[in-house]
Amino acid sequence: MTGGFRMAGALDGLKILDLSRILAGPTCTQLLGDLGAEVIKIENPRTGGDDTRSWGPPFAPGLDGAPTDLSTYFMAANRNKLSVAADISTKEGQALILALVAEADVVIENFKPGGLNRYGLDAETLLNRFPQLVYCSISGFGQTGPNASKPGYDLMAQGFGGIMSLTGEPDGQPMKAGVGIADVMCGMYACVGILAALRHRDATGEGQHIDVALVDTQIAWLINEGVNYLASGKPPVRRGNGHSNIVPYQVFASRDGHVIIAVGNDGQFRQFCAFLGADDLPADARFASNPARLANREALIALISPILATRSSAEILTGLEAAGVPVGPVQTLDQVFASDQVAAREMAIAVPREDVETGEVRLIGNPLKLSRTPVSYRRAPPRFGQDTETVRAQIKPEA
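Residues numbered from 1 in each chain as written. Predicted model: local features only at pLDDT ≥ 70, side-chain atom pairs only at ≥ 80, totals over all residues. Heavy atoms only, no water.

Please give an account of the overall build of the protein chain that cites residues and values.
Within the protein chain, the secondary structure is distributed over 16 helices and 13 strands. Principal-axis analysis of the C-alpha atoms gives the protein chain an extent of 80 × 50 × 40 Å. The proportion of buried residues among the 399 residues of the protein chain is 44%. Partitioning the intrachain contacts of the protein chain with sequence separation of at least 6 by distance along the chain shows that 69% fall at a separation of at least 24. Carbon and sulfur atoms form 56% of the exposed surface of the protein chain, whose accessible area is close to 20000 Å². Positive and negative side-chain charges in the protein chain, numbering 35 and 43 respectively, have mean positions lying 2 Å apart. (Helix = DSSP H or I, 4+ residues; strand = E, 2+ residues; numbered from the N terminus. Buried < 20%, exposed > 50% of the residue type's maximum accessible area, 1.4 Å probe, protein only. Contact = heavy atoms within 4.5 Å. Areas by Shrake-Rupley, 256 points an atom, 1.4 Å probe, with all protein chains shown as cover. Lys, Arg positive; Asp, Glu negative; His and termini not counted. Charge placed at Lys NZ, Arg CZ, Asp CG, Glu CD.)

Put into structure tokens, the structure is as follows:
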């Protein structure tokens, strides 16, 4: 997948100028790059490039065994990109970026609202000069509203947007997700917006400005819990691994670990109870339907948890799978990446990089499986500024 013949990517021929850093913007541009677009990542030489280059250890070791500027955090969101060192606070840097904008289909940035105005690289200025351009701005709270000037970080977005109030044990602290999910989902929404704007541009010749906020996108994926509140006016409570609308649907302790059981309908509940040897439960009016089970959640969990705790995880997984009841393990990452499923779906990949000790970097694969225009892994995450001169040499002189 990194050399020889390559099928055309869905976005082959598109040029993306990436002025973003950290996670939301880079997640978006990595996805566009995987789909075939050429992504030029602008990095600030005054800071040593993207902030995440120093977010380690771990770092990929160089040929001498010493850490490089390729932190695993940086590598997670920056393959299929060219790295160009440019200081936008200088006239030279601004001139280079303008020359690249002139050849680009998309510009994506995650500066504070108004932060690029002083350099003439804001959306209004560039769209006036290049009306076919798609310009995407990512920020914490968006380009408008009373909080527009506030900085935005994943943890703050999870707190402000409400997801932390729903996550964690009922008697514990509000809890963030284990990874920067607000950033990642914001990058996904930005990618969708860019693709929609490109379709409009291709049909009309007209570019546009896309305004995407971490907090907006986090609120958007409150999904059923958000609508539960809007419909009822009652703020939901934390339920640990329980579900707000389905019971039993959570993690249970087994004799030797934990399992996930997700009973989605009354038929599955009957099969589940038969496996437990508790055939009387489905006939109990408190548990006969999902609304009834929801109203009597604590009573039901108190009855089934002790039974599950007497059985091994393997026994529960095998028995419920045979009964057609959704069940699954709680895997650690070593188990995840050692699984046959990950191998079959190519969700762990190795991309050559001759200047690191192992000769390659190991990354998470792209989940998109396109039959005609598959994703490709053409470039390992770049060292800071490694492509500056190459990109400069390829800029076409103005007519």
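Summarise the packing of aromatic side chains; cite the residues concerned and give the values.
Scanning the entire structure with this criterion turns up two aromatic pairs. Arranged with centres 5.1 Å apart and planes meeting at 90°, the rings of phenylalanine 141 and phenylalanine 160 form a pair that is edge-to-face. Linking phenylalanine 141 in the loop between strand E7 (134-139) and helix H5 (154-160) with phenylalanine 160 in helix H5, this pair joins segments that are 19 residues apart in sequence. You can call phenylalanine 141 buried: its relative accessible area is 14%. Its end group placed over the ring of phenylalanine 275, arginine 311 keeps NZ or CZ at 4.8 Å from the ring centre. (Phe/Tyr/Trp six-rings, centres within 6.5 Å; stacked < 30°, edge-to-face > 60°. Lys NZ or Arg CZ within 6 Å of the ring centre and 35° of its normal.)

Could you give me a rundown of the sheet that holds E7, with the residues and numbers involved?
Taken in spatial order, the six strands of this open sheet run E5-E2-E1-E6-E7-E8, and their pairing is parallel. Two strands in the sheet have a free side with no partner beyond their single neighbour: strand E5 (82-85) and strand E8 (208-213). Direction aside, the axes of adjacent strands within the sheet are offset by 20° on average. Across four bridges, strand E1 (residues 15-19) lies against strand E2 (residues 38-43) in parallel orientation. Residue pairing across strands places leucine 17 opposite isoleucine 40, the latter belonging to E2. Against the sheet, helix H1 (residues 24-34) contacts E1, E2, strand E6 (106-109) and E7, and its axis sits at roughly 165° relative to E1. (Pairing = 2+ DSSP bridges. Axes fitted to C-alpha atoms, helices over the stretch in contact; angles between N-to-C directions.)

Quick rundown of unusual backbone geometry? Include the residues and the values.
Here the residue pair glycine 56 and proline 57 is connected by a cis peptide bond, since its omega of 5° sits within 30 degrees of zero. Position of proline 57 relative to the elements: it lies in the loop between E2 and strand E3 (59-61). Residue proline 248 is bonded to the preceding valine 247 through a cis peptide linkage, with omega at -5°. Checked against the element boundaries, proline 248 lands in the loop between helix H9 (223-232) and strand E9 (249-253). With phi around 75°, isoleucine 22 is a residue other than glycine that occupies positive phi space. Residue position: isoleucine 22 is located in the loop between E1 and H1.

So yeah, pure geometry; function would need other evidence.
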